[in-house]
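# Survey of secondary and tertiary structure
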Amino acid sequence: MSISDSSHGGNIGRAAREYGLSEKQIIDFSASINPLGPAPGVYRAVTEALWRIKHYPDPGCGDLPRLLADYLGVGRENLLLGNGGAELIYILPRALKIRRALVAAPTFSEYARAVEAAGGRVRYITLPVSGTAFPAGEAAGHLAGCDAVFLCNPNNPTGQLFSPGDLMPLLDAAEGAGAAVVVDEAFMDFVAGREDFTLMPLACARRNLVVLYSMTKFFGIPGLRLGAAVACPEVIGRLKQLKDPWSVNALARVAGEAALRDESHMAETLKTVKEEREYLFSTLSSVPGLRPFPSEANFLLVDVSGTGMKSAELVEKLAAMGILVRNCANFYGLNESYIRVAVKTRPENESLVRALEKTIRTWLSGRPVFSSRLYKNR
Ligand SMILES: Cc1ncc(COP(=O)(O)O)c(C=O)c1O
(Lines give C-alpha, C1' and ligand atoms only; values in the text may rest on other atoms or scores of the structure.)
Protein backbone atom coordinates (compact mmCIF):
# COMPACT_ATOMS: atom_id res chain seq x y z
CA MET A 1 0.00 0.00 0.00
CA SER A 2 1.23 3.48 -0.77
CA ILE A 3 -0.15 7.00 -1.16
CA SER A 4 -1.40 6.09 -4.66
CA ASP A 5 -3.84 3.55 -3.09
CA SER A 6 -5.58 6.16 -0.90
CA SER A 7 -9.36 5.98 -1.16
CA HIS A 8 -9.55 9.80 -1.05
CA GLY A 9 -7.33 12.77 -1.74
CA GLY A 10 -5.95 15.08 0.90
CA ASN A 11 -3.98 12.65 3.05
CA ILE A 12 -0.95 14.87 3.47
CA GLY A 13 0.00 13.22 6.79
CA ARG A 14 0.44 9.87 5.10
CA ALA A 15 2.33 11.36 2.14
CA ALA A 16 4.67 13.19 4.51
CA ARG A 17 5.43 9.98 6.45
CA GLU A 18 5.97 7.93 3.29
CA TYR A 19 8.27 10.39 1.58
CA GLY A 20 10.08 11.88 4.58
CA LEU A 21 8.61 15.35 4.03
CA SER A 22 7.03 17.81 6.42
CA GLU A 23 3.28 18.29 5.86
CA LYS A 24 3.86 21.98 5.14
CA GLN A 25 6.27 21.14 2.29
CA ILE A 26 3.56 19.29 0.38
CA ILE A 27 1.48 20.98 -2.32
CA ASP A 28 -1.80 19.13 -2.20
CA PHE A 29 -3.56 18.85 -5.57
CA SER A 30 -5.31 15.66 -4.46
CA ALA A 31 -8.09 17.38 -2.46
CA SER A 32 -10.16 19.99 -4.29
CA ILE A 33 -10.33 22.91 -1.88
CA ASN A 34 -10.54 26.70 -2.47
CA PRO A 35 -6.98 27.65 -3.56
CA LEU A 36 -7.24 30.94 -1.62
CA GLY A 37 -8.11 29.14 1.62
CA PRO A 38 -10.79 30.45 3.96
CA ALA A 39 -11.68 34.16 4.11
CA PRO A 40 -9.44 36.12 6.53
CA GLY A 41 -12.47 36.71 8.81
CA VAL A 42 -12.80 32.95 9.30
CA TYR A 43 -9.41 32.72 11.03
CA ARG A 44 -10.36 35.69 13.25
CA ALA A 45 -13.76 34.25 14.13
CA VAL A 46 -12.30 30.86 15.01
CA THR A 47 -9.56 32.40 17.16
CA GLU A 48 -12.04 34.61 19.00
CA ALA A 49 -14.40 31.66 19.55
CA LEU A 50 -11.84 29.37 21.19
CA TRP A 51 -13.44 30.01 24.61
CA ARG A 52 -16.53 28.24 23.28
CA ILE A 53 -14.89 24.82 23.21
CA LYS A 54 -15.47 24.36 26.94
CA HIS A 55 -19.23 24.49 26.26
CA TYR A 56 -21.50 22.27 24.19
CA PRO A 57 -22.12 23.72 20.74
CA ASP A 58 -25.52 25.30 20.03
CA PRO A 59 -27.62 22.54 18.38
CA GLY A 60 -29.42 25.37 16.51
CA CYS A 61 -26.04 26.59 15.15
CA GLY A 62 -26.50 30.32 15.93
CA ASP A 63 -26.95 32.51 12.86
CA LEU A 64 -25.62 29.89 10.49
CA PRO A 65 -28.95 28.37 9.31
CA ARG A 66 -30.32 31.84 8.48
CA LEU A 67 -27.16 32.95 6.68
CA LEU A 68 -26.82 29.70 4.75
CA ALA A 69 -30.52 29.54 3.82
CA ASP A 70 -30.27 33.11 2.45
CA TYR A 71 -27.08 32.33 0.54
CA LEU A 72 -28.55 29.16 -0.98
CA GLY A 73 -31.96 30.73 -1.65
CA VAL A 74 -33.90 28.12 0.34
CA GLY A 75 -36.14 28.23 3.43
CA ARG A 76 -34.68 27.42 6.85
CA GLU A 77 -37.20 24.60 7.12
CA ASN A 78 -35.57 23.06 4.04
CA LEU A 79 -32.07 22.95 5.51
CA LEU A 80 -30.26 20.61 7.86
CA LEU A 81 -26.65 21.30 8.81
CA GLY A 82 -24.17 18.54 9.48
CA ASN A 83 -20.59 17.60 10.22
CA GLY A 84 -19.59 17.93 6.56
CA GLY A 85 -21.69 16.70 3.67
CA ALA A 86 -20.27 13.29 4.57
CA GLU A 87 -22.34 13.02 7.77
CA LEU A 88 -25.54 13.56 5.79
CA ILE A 89 -24.47 11.06 3.10
CA TYR A 90 -24.20 8.46 5.87
CA ILE A 91 -27.57 9.30 7.44
CA LEU A 92 -29.51 9.31 4.15
CA PRO A 93 -29.72 5.55 3.48
CA ARG A 94 -31.33 4.93 6.89
CA ALA A 95 -33.56 8.02 6.75
CA LEU A 96 -34.87 7.15 3.28
CA LYS A 97 -34.78 3.36 3.89
CA ILE A 98 -32.55 2.80 0.86
CA ARG A 99 -32.08 -0.94 0.27
CA ARG A 100 -31.02 -0.74 -3.36
CA ALA A 101 -29.37 2.28 -4.93
CA LEU A 102 -28.28 3.23 -8.39
CA VAL A 103 -25.09 5.29 -8.55
CA ALA A 104 -23.98 7.25 -11.64
CA ALA A 105 -20.24 6.52 -11.84
CA PRO A 106 -17.39 7.38 -11.89
CA THR A 107 -18.19 9.45 -8.84
CA PHE A 108 -17.49 10.07 -5.15
CA SER A 109 -17.23 6.64 -3.53
CA GLU A 110 -18.98 7.48 -0.25
CA TYR A 111 -22.54 7.15 -1.63
CA ALA A 112 -21.96 3.45 -2.27
CA ARG A 113 -20.12 2.96 1.02
CA ALA A 114 -22.92 4.64 2.97
CA VAL A 115 -25.63 2.52 1.33
CA GLU A 116 -23.63 -0.66 1.93
CA ALA A 117 -22.83 0.34 5.52
CA ALA A 118 -26.58 0.59 6.13
CA GLY A 119 -27.06 -2.94 4.72
CA GLY A 120 -28.14 -1.91 1.21
CA ARG A 121 -26.84 -2.85 -2.23
CA VAL A 122 -25.55 -0.71 -5.07
CA ARG A 123 -25.75 -0.92 -8.86
CA TYR A 124 -23.98 1.45 -11.22
CA ILE A 125 -24.68 3.16 -14.49
CA THR A 126 -21.59 4.40 -16.26
CA LEU A 127 -21.26 8.03 -17.23
CA PRO A 128 -19.05 8.93 -20.19
CA VAL A 129 -16.02 10.85 -18.84
CA SER A 130 -16.48 13.72 -21.28
CA GLY A 131 -19.46 15.63 -22.59
CA THR A 132 -22.17 17.19 -20.47
CA ALA A 133 -25.24 15.17 -21.43
CA PHE A 134 -26.56 13.14 -18.51
CA PRO A 135 -27.84 9.74 -19.72
CA ALA A 136 -31.21 10.18 -17.98
CA GLY A 137 -32.96 7.69 -20.24
CA GLU A 138 -30.42 4.98 -19.45
CA ALA A 139 -30.61 5.74 -15.72
CA ALA A 140 -34.42 5.64 -15.85
CA GLY A 141 -34.19 2.23 -17.50
CA HIS A 142 -32.30 0.88 -14.48
CA LEU A 143 -34.68 2.19 -11.83
CA ALA A 144 -36.72 -0.97 -11.36
CA GLY A 145 -36.22 -2.25 -7.82
CA CYS A 146 -34.19 0.82 -6.76
CA ASP A 147 -35.13 3.08 -3.84
CA ALA A 148 -32.72 5.85 -4.78
CA VAL A 149 -30.36 7.22 -7.43
CA PHE A 150 -27.19 9.09 -6.46
CA LEU A 151 -25.43 11.53 -8.73
CA CYS A 152 -22.98 14.36 -8.27
CA ASN A 153 -23.24 17.74 -10.05
CA PRO A 154 -20.70 18.99 -11.04
CA ASN A 155 -19.40 15.47 -10.93
CA ASN A 156 -16.33 14.45 -8.95
CA PRO A 157 -13.90 13.42 -10.49
CA THR A 158 -14.88 14.38 -14.06
CA GLY A 159 -15.90 18.02 -13.50
CA GLN A 160 -18.92 17.60 -15.81
CA LEU A 161 -21.86 19.90 -15.15
CA PHE A 162 -25.34 18.58 -15.96
CA SER A 163 -28.19 20.98 -16.68
CA PRO A 164 -31.52 20.78 -14.81
CA GLY A 165 -33.17 20.14 -18.20
CA ASP A 166 -31.02 17.02 -18.61
CA LEU A 167 -31.82 15.76 -15.11
CA MET A 168 -35.59 16.42 -15.14
CA PRO A 169 -36.52 13.24 -17.05
CA LEU A 170 -34.68 11.22 -14.38
CA LEU A 171 -36.47 13.06 -11.55
CA ASP A 172 -39.83 12.36 -13.20
CA ALA A 173 -39.02 8.72 -13.91
CA ALA A 174 -37.80 8.24 -10.33
CA GLU A 175 -40.99 9.78 -8.97
CA GLY A 176 -43.01 7.35 -11.06
CA ALA A 177 -40.90 4.43 -9.80
CA GLY A 178 -41.16 5.54 -6.15
CA ALA A 179 -37.41 6.22 -5.94
CA ALA A 180 -35.60 9.18 -4.41
CA VAL A 181 -32.96 11.18 -6.29
CA VAL A 182 -29.96 12.39 -4.32
CA VAL A 183 -27.93 15.09 -6.07
CA ASP A 184 -24.64 16.05 -4.44
CA GLU A 185 -23.81 19.70 -5.18
CA ALA A 186 -20.64 19.79 -3.06
CA PHE A 187 -18.81 21.65 -5.87
CA MET A 188 -21.72 23.72 -7.25
CA ASP A 189 -20.41 26.95 -5.64
CA PHE A 190 -17.49 26.92 -8.10
CA VAL A 191 -19.87 27.08 -11.08
CA ALA A 192 -20.36 30.54 -12.57
CA GLY A 193 -24.13 31.16 -12.51
CA ARG A 194 -24.80 28.34 -10.01
CA GLU A 195 -28.43 29.56 -9.70
CA ASP A 196 -29.10 28.26 -13.21
CA PHE A 197 -27.85 24.76 -12.36
CA THR A 198 -28.69 24.03 -8.73
CA LEU A 199 -31.66 21.78 -8.02
CA MET A 200 -32.10 23.20 -4.49
CA PRO A 201 -35.31 25.15 -5.26
CA LEU A 202 -36.82 21.96 -6.70
CA ALA A 203 -35.68 19.94 -3.67
CA CYS A 204 -37.69 22.26 -1.39
CA ALA A 205 -40.83 21.44 -3.33
CA ARG A 206 -40.46 17.78 -4.34
CA ARG A 207 -40.64 14.92 -1.88
CA ASN A 208 -38.33 12.62 -3.85
CA LEU A 209 -35.33 14.95 -4.26
CA VAL A 210 -32.55 15.62 -1.74
CA VAL A 211 -29.64 17.94 -2.55
CA LEU A 212 -26.42 17.55 -0.58
CA TYR A 213 -24.18 20.53 0.03
CA SER A 214 -20.71 21.09 1.46
CA MET A 215 -19.13 24.21 2.95
CA THR A 216 -15.71 22.59 3.14
CA LYS A 217 -14.63 23.05 -0.48
CA PHE A 218 -15.63 26.54 -1.64
CA PHE A 219 -15.21 28.08 1.82
CA GLY A 220 -11.91 26.26 2.39
CA ILE A 221 -12.59 24.62 5.78
CA PRO A 222 -12.33 20.83 5.30
CA GLY A 223 -10.55 20.48 8.64
CA LEU A 224 -13.57 21.94 10.47
CA ARG A 225 -16.31 19.89 8.72
CA LEU A 226 -19.50 21.66 7.66
CA GLY A 227 -22.19 20.60 5.20
CA ALA A 228 -25.94 20.49 4.69
CA ALA A 229 -28.88 18.72 3.12
CA VAL A 230 -31.67 20.57 1.32
CA ALA A 231 -35.06 18.86 1.03
CA CYS A 232 -38.76 19.22 1.81
CA PRO A 233 -39.53 19.66 5.55
CA GLU A 234 -40.75 16.08 5.91
CA VAL A 235 -37.44 14.60 4.67
CA ILE A 236 -35.48 17.12 6.75
CA GLY A 237 -37.44 15.90 9.80
CA ARG A 238 -36.49 12.28 9.08
CA LEU A 239 -32.82 13.17 8.65
CA LYS A 240 -32.87 15.16 11.90
CA GLN A 241 -34.15 12.16 13.85
CA LEU A 242 -31.01 10.21 12.95
CA LYS A 243 -28.46 12.97 13.42
CA ASP A 244 -26.27 13.72 16.42
CA PRO A 245 -27.70 17.07 17.65
CA TRP A 246 -24.20 18.49 18.37
CA SER A 247 -22.45 17.36 15.19
CA VAL A 248 -21.72 20.93 14.06
CA ASN A 249 -19.04 21.98 16.51
CA ALA A 250 -18.69 25.49 17.92
CA LEU A 251 -15.70 26.44 15.74
CA ALA A 252 -17.23 25.12 12.51
CA ARG A 253 -20.36 27.13 13.23
CA VAL A 254 -18.53 30.47 13.69
CA ALA A 255 -16.29 29.71 10.70
CA GLY A 256 -19.38 29.14 8.56
CA GLU A 257 -20.99 32.38 9.75
CA ALA A 258 -17.84 34.40 9.01
CA ALA A 259 -17.37 32.74 5.61
CA LEU A 260 -20.91 33.60 4.51
CA ARG A 261 -20.44 37.24 5.50
CA ASP A 262 -17.47 37.76 3.14
CA GLU A 263 -18.90 38.20 -0.34
CA SER A 264 -15.71 39.68 -1.76
CA HIS A 265 -13.75 36.52 -0.87
CA MET A 266 -16.40 34.48 -2.68
CA ALA A 267 -16.12 36.69 -5.79
CA GLU A 268 -12.31 36.52 -5.72
CA THR A 269 -12.47 32.73 -5.37
CA LEU A 270 -14.72 32.38 -8.42
CA LYS A 271 -12.47 34.66 -10.49
CA THR A 272 -9.26 32.90 -9.44
CA VAL A 273 -10.63 29.41 -10.01
CA LYS A 274 -11.91 30.32 -13.49
CA GLU A 275 -8.60 31.91 -14.54
CA GLU A 276 -6.44 29.17 -13.05
CA ARG A 277 -8.62 26.35 -14.42
CA GLU A 278 -8.16 27.82 -17.91
CA TYR A 279 -4.43 28.20 -17.35
CA LEU A 280 -4.04 24.65 -16.05
CA PHE A 281 -6.20 23.18 -18.82
CA SER A 282 -4.23 24.82 -21.60
CA THR A 283 -0.80 24.19 -20.02
CA LEU A 284 -1.52 20.54 -19.25
CA SER A 285 -2.87 20.07 -22.78
CA SER A 286 0.57 20.94 -24.10
CA VAL A 287 2.47 18.48 -21.89
CA PRO A 288 3.30 15.38 -23.98
CA GLY A 289 1.03 12.45 -23.17
CA LEU A 290 -1.48 14.35 -20.99
CA ARG A 291 -5.11 14.97 -21.91
CA PRO A 292 -7.15 17.06 -19.45
CA PHE A 293 -10.94 17.05 -19.72
CA PRO A 294 -12.99 20.26 -19.65
CA SER A 295 -14.37 20.92 -16.15
CA GLU A 296 -16.76 23.37 -14.48
CA ALA A 297 -15.41 22.63 -11.01
CA ASN A 298 -12.13 23.42 -9.22
CA PHE A 299 -10.36 20.28 -10.44
CA LEU A 300 -9.44 18.59 -13.71
CA LEU A 301 -9.54 14.93 -14.64
CA VAL A 302 -6.46 14.10 -16.72
CA ASP A 303 -5.89 11.08 -18.96
CA VAL A 304 -2.21 10.17 -18.52
CA SER A 305 -2.21 7.01 -20.67
CA GLY A 306 -0.44 8.85 -23.48
CA THR A 307 2.72 9.00 -21.36
CA GLY A 308 2.89 5.20 -21.18
CA MET A 309 2.97 5.52 -17.36
CA LYS A 310 0.33 4.07 -15.08
CA SER A 311 -1.44 6.58 -12.86
CA ALA A 312 -0.05 5.02 -9.65
CA GLU A 313 3.51 5.31 -10.95
CA LEU A 314 3.04 8.95 -11.87
CA VAL A 315 1.35 9.73 -8.53
CA GLU A 316 4.22 8.19 -6.58
CA LYS A 317 6.94 9.96 -8.57
CA LEU A 318 5.18 13.31 -8.03
CA ALA A 319 4.63 12.58 -4.32
CA ALA A 320 8.34 12.02 -3.89
CA MET A 321 8.74 15.61 -5.17
CA GLY A 322 6.18 16.90 -2.62
CA ILE A 323 3.34 17.18 -5.17
CA LEU A 324 0.23 15.22 -4.27
CA VAL A 325 -2.30 14.38 -7.02
CA ARG A 326 -5.24 11.95 -6.89
CA ASN A 327 -4.82 8.54 -8.48
CA CYS A 328 -8.24 7.82 -10.01
CA ALA A 329 -7.68 4.08 -10.57
CA ASN A 330 -9.97 3.20 -7.65
CA PHE A 331 -12.98 5.17 -8.90
CA TYR A 332 -15.62 2.72 -10.15
CA GLY A 333 -15.68 3.14 -13.94
CA LEU A 334 -12.15 4.56 -14.25
CA ASN A 335 -8.79 2.81 -14.43
CA GLU A 336 -5.05 3.41 -14.18
CA SER A 337 -5.19 5.94 -17.03
CA TYR A 338 -6.51 8.82 -14.91
CA ILE A 339 -5.43 11.30 -12.29
CA ARG A 340 -7.33 14.29 -10.84
CA VAL A 341 -5.66 17.59 -10.00
CA ALA A 342 -7.11 20.49 -8.03
CA VAL A 343 -6.95 24.01 -9.43
CA LYS A 344 -4.66 26.01 -7.14
CA THR A 345 -2.85 29.36 -7.24
CA ARG A 346 -0.61 30.29 -10.21
CA PRO A 347 2.75 29.57 -8.49
CA GLU A 348 1.41 26.21 -7.25
CA ASN A 349 -0.02 25.32 -10.65
CA GLU A 350 3.33 26.19 -12.25
CA SER A 351 5.06 23.84 -9.80
CA LEU A 352 2.66 21.05 -10.78
CA VAL A 353 3.26 21.57 -14.50
CA ARG A 354 7.07 21.68 -13.99
CA ALA A 355 6.99 18.49 -11.91
CA LEU A 356 4.85 16.71 -14.50
CA GLU A 357 7.07 17.82 -17.39
CA LYS A 358 10.21 16.71 -15.56
CA THR A 359 8.75 13.35 -14.53
CA ILE A 360 7.40 12.55 -17.98
CA ARG A 361 10.59 13.71 -19.75
CA THR A 362 12.75 11.53 -17.46
CA TRP A 363 10.44 8.56 -17.94
CA LEU A 364 10.37 8.89 -21.72
CA SER A 365 14.13 9.35 -22.00
CA GLY A 366 14.62 6.04 -20.18
CA ARG A 367 12.47 4.15 -22.66
CA PRO A 368 14.12 2.47 -25.66
CA VAL A 369 11.26 3.28 -28.06
CA PHE A 370 9.25 6.50 -27.85
CA SER A 371 5.69 5.50 -26.98
CA SER A 372 3.43 5.59 -30.04
CA ARG A 373 0.44 6.19 -27.71
CA LEU A 374 2.05 9.46 -26.83
CA TYR A 375 1.29 10.69 -30.30
CA LYS A 376 -2.13 9.08 -30.56
CA ASN A 377 -3.32 10.96 -27.54
CA ARG A 378 -2.16 14.39 -28.65
C1 LIG B 1 -18.59 15.01 -4.21
C2 LIG B 1 -18.32 15.13 -2.76
N3 LIG B 1 -19.34 15.19 -1.91
C4 LIG B 1 -19.14 15.30 -0.57
C5 LIG B 1 -17.87 15.32 -0.06
C6 LIG B 1 -17.72 15.43 1.42
O7 LIG B 1 -17.62 16.76 1.74
P8 LIG B 1 -17.51 17.25 3.24
O9 LIG B 1 -16.10 17.68 3.44
O10 LIG B 1 -18.49 18.37 3.32
O11 LIG B 1 -17.88 16.10 4.11
C12 LIG B 1 -16.78 15.25 -0.90
C13 LIG B 1 -15.42 15.27 -0.36
O14 LIG B 1 -14.46 15.15 -1.06
C15 LIG B 1 -17.00 15.15 -2.29
O16 LIG B 1 -16.00 15.07 -3.15
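Throughout this description, residue numbers start from 1 for each chain and increase along the sequence as written. Local features in a predicted model are, by the rule used here, given only for residues with pLDDT of at least 70; side-chain atom pairs are given and counted only at 80 or more, and totals for whole chains, interfaces and linings are based on all residues.

## Section: the sheet that holds strand E5 (residues 148–152)
At least two DSSP bridges between two strands are needed for those strands to be called paired. We count a stretch as a helix when DSSP gives it H or I for four or more residues in a row; a strand needs E for two or more, and each element gets its number in order from the N terminus. The strand order E2-E8-E7-E6-E5-E3-E4 describes an open sheet built from seven strands, whose pairing is mixed. Each edge of the open sheet is held by one strand with a lone partner, namely strand E2 (79–82) and strand E4 (121–126). Strand-to-strand twist of the sheet, defined as the mean angle between neighbouring strand axes without regard to direction, takes the value 20 degrees. By the bridge criterion, five bridges tie E5 to strand E6 (residues 180–184) in an arrangement that is parallel. Counted as the bridge partner of valine 149 is valine 181 from E6. Helix-sheet contacts for helix H4 (residues 85–95) involve E2, E6, strand E7 (209–214) and strand E8 (227–230), and the interaxial angle to E7 is about 155 degrees. Along the sheet, helix H7 (residues 164–177) contacts E5, E6 and E7; its crossing angle with E6, the most-contacted strand, is approximately 145 degrees. Each axis is a line fitted through C-alpha atoms, and for a helix only the stretch in contact is used; angles between axes span 0 to 180 degrees, taken between their N-to-C directions. Here contacts are defined at the residue level, using C-beta atoms placed from the backbone and a cut-off of 7 Å between them.

## Section: the domain arrangement of the protein
Here the bounds of each domain stem from an automatic or database domain assignment. Once the domains are mapped, the protein shows domain 1 (3–37 + 264–376) and domain 2 (40–260). When each unit is reduced to the centre of its C-alpha atoms, the spacing between domain 1 and domain 2 is 26 Å. Taken together, the contact pairs 27 residues of domain 1 with 21 residues of domain 2. Only Asp, Glu, Lys and Arg are considered charged, only Ala, Val, Leu, Ile, Met, Phe, Trp, Tyr, Cys and Pro nonpolar, and every remaining residue, Gly among them, polar. When grouped by side-chain class, the residues that make up the side of domain 1 that touches domain 2 number 14 nonpolar, nine polar and four charged.

## With respect to the site of the ligand
Using a C-beta atom placed from the backbone, a residue is scored as near a molecule or strand whenever that atom is within 6 Å of it. Every residue lining the ligand is accounted for by Gly84, Gly85, Ala86, Phe108, Cys152, Asn156, Asp184, Ala186, Ser214, Thr216, Pro222 and Gly227. Among the residues forming the shell around the ligand, the class breakdown is five nonpolar, six polar and one charged.

## Some remarks on the nonpolar core
One recurring pattern in soluble globular proteins: nonpolar side chains tend to sit buried together. By size, the foremost hydrophobic cluster in this structure holds 126 residues, and its most contacted members are Leu92, Ala148, Val149, Val210, Val211, Val230 and Ala255. Other than its neighbours up to four places away in sequence, alanine 255 contacts Pro38, Val42, Ala45, Val46, Ile221 and Leu224. Here, a nonpolar core means buried Ala, Val, Leu, Ile, Met, Phe, Trp, Tyr and Cys residues linked by C-beta atoms lying within 7 Å of one another. Residues with at least 20 other C-beta atoms within 10 Å of their own are called buried, those with 12 or fewer are called exposed, and the rest are partly exposed. The C-beta atoms themselves are positioned from the backbone.

## A closer look at the confidence of the model for the protein
For the protein, the average pLDDT comes to 94, and 97% of its residues sit at 70 or higher. One number per residue, pLDDT, summarises how confident the predictor is, and it ranges from 0 to 100. With pLDDT under 50 throughout, residues 370–378 is counted as low confidence; its partners more than four residues away or in other chains account for 17 contacts.

## Re the pairing of E8
Every second residue of E8 is oriented toward a common face, with Gly227 and Ala229 on one face and Ala228 and Val230 on the other, all of them buried. With four bridges joining them, E7 and E8 adopt antiparallel strand pairing. Considered in E8, the bridge of serine 214 is made with glycine 227.

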